[in-house]
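Overview (structure and organization)
Residues per chain, in single letters:
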Amino acid sequence: MLSIWLIDMVAILPIYAIVWTLDRHYHFFGPDVPGASFLEKYGALKVYLIVVVGAPVIETFIGQGLPWLITRLLRLPSAFFLAISTLWFAWLHGVGFHRADFWVMVLGHLVAAFLLAFTWLHGRKHSRWQAIWMTASVHMLANFTVTFVYILGELSHA
């Protein structure tokens, strides 16, 4: 699991650096982005708990569990699950963003989405619950790291 998290971080950090650099010029993530008012409404701690603890569990069921169910019902091979789960998870992260922002979010989540789908498959070899907790845990670690890096970036601007 640690190796998957490390690969995930290696994949996410360059994307984050690119988005952060571009945002200074193009303002992809301006005040009109979904979630900006969410932070103001609930505060940093609640949003942090939602992003790091709550969302990964829910997204595991939606992003990996649902594609797994569909591919099993249709008796499709694991490669189809990897493709469907990866594209579905990345697409879900772009929903609500406009034009270029949508594609930045989708493309930025492809590698992480693939790694989460792969983690699900690895855990599923053992049991349904192992697939759930392994995938959600890797997702939590990734969200924790990205949120931590984001906070450091924001503090460096202050």
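Residues numbered from 1 in each chain as written. Predicted model: local features only at pLDDT ≥ 70, side-chain atom pairs only at ≥ 80, totals over all residues. Heavy atoms only, no water.

A short note on unusual backbone geometry
- Despite not being glycine, Arg-75 has its phi angle at roughly 55°, a positive value.
- In this fold, Arg-75 is placed in the loop between α3 (44-73) and α4 (78-94). (Helix = DSSP H or I, 4+ residues; strand = E, 2+ residues; numbered from the N terminus.)

Re the side chain of Thr-60
- Of note, Thr-60 is situated in helix α3.
- Look at Thr-60 and you get buried, because its relative accessible area is 1%.
- A polar contact of 2.6 Å, which involves the side chain of Thr-60, links it to the backbone oxygen of Pro-56.
- Setting aside residues no more than four positions away along its own chain, Thr-60 makes contact with Gly-65, Trp-120, Ile-132, Thr-135 and Ala-136. (Buried < 20%, exposed > 50% of the residue type's maximum accessible area, 1.4 Å probe, protein only. Polar contact = N/O pair within 3.5 Å; in protein donor to acceptor, adjacent residues only side chain to side chain. Contact = heavy atoms within 4.5 Å.)

With respect to α3
- When the terminal C-alpha atoms of α3 are compared, their 41 Å separation across 30 residues agrees well with the 44 Å that a helix rising 1.5 Å per residue should span.
- Most pronounced at Ala-55, the bend in α3 amounts to some 45°, and the proline Pro-56 follows within four residues.
- Taken as a whole, α3 has its buried residues at Val-47, Val-52, Pro-56, Thr-60, Gly-63, Gln-64, Gly-65, Pro-67, Trp-68 and Thr-71.
- At the C-terminal side of α3, Arg-75 shows a positive phi close to 55°. (Expected span 1.5 Å × (residues − 1). Bend = angle between axes of the 7 residues up to and from the residue.)

Some remarks on the packing of α3 against α4
- Following both chains from N to C, one finds α3 and α4 inclined at 145°, their axes separated by 9 Å at the closest point. Two packed elements cross with a definite hand, and for α3 against α4 that hand is right-handed. Taking contact as the criterion, the partners of Glu-59, Ile-62, Gly-63, Gln-64, Leu-66, Pro-67, Trp-68, Thr-71 and Arg-72 in α3 are, on α4, Ser-78, Phe-80, Phe-81, Ile-84, Ser-85, Trp-88, Phe-89, Leu-92 and His-93. (Axes fitted to C-alpha atoms, helices over the stretch in contact; angles between N-to-C directions. Left-handed = near helix turned anticlockwise from the far one by under 90°.)

Comments concerning the packing of aromatic side chains
- Scanning the model with the defined rule gives four aromatic pairs in all.
- Pairing Tyr-48 with Phe-144 gives two aromatic rings, centres 6.3 Å apart and planes at 75°, and the pair type is edge-to-face. Residue Tyr-48 is located in helix α3, and its partner Phe-144 is located in helix α6 (residues 128-157); the two are separated by 96 residues in the primary sequence.
- Judged by relative accessible area, which is 40%, Phe-144 ranks as partly exposed.
- Taking the ring centre of Trp-68 as reference, the NZ or CZ of Arg-72 above it sits at 4.3 Å. (Phe/Tyr/Trp six-rings, centres within 6.5 Å; stacked < 30°, edge-to-face > 60°. Lys NZ or Arg CZ within 6 Å of the ring centre and 35° of its normal.)

Read these as layout, nothing more, since geometry by itself doesn't imply function.
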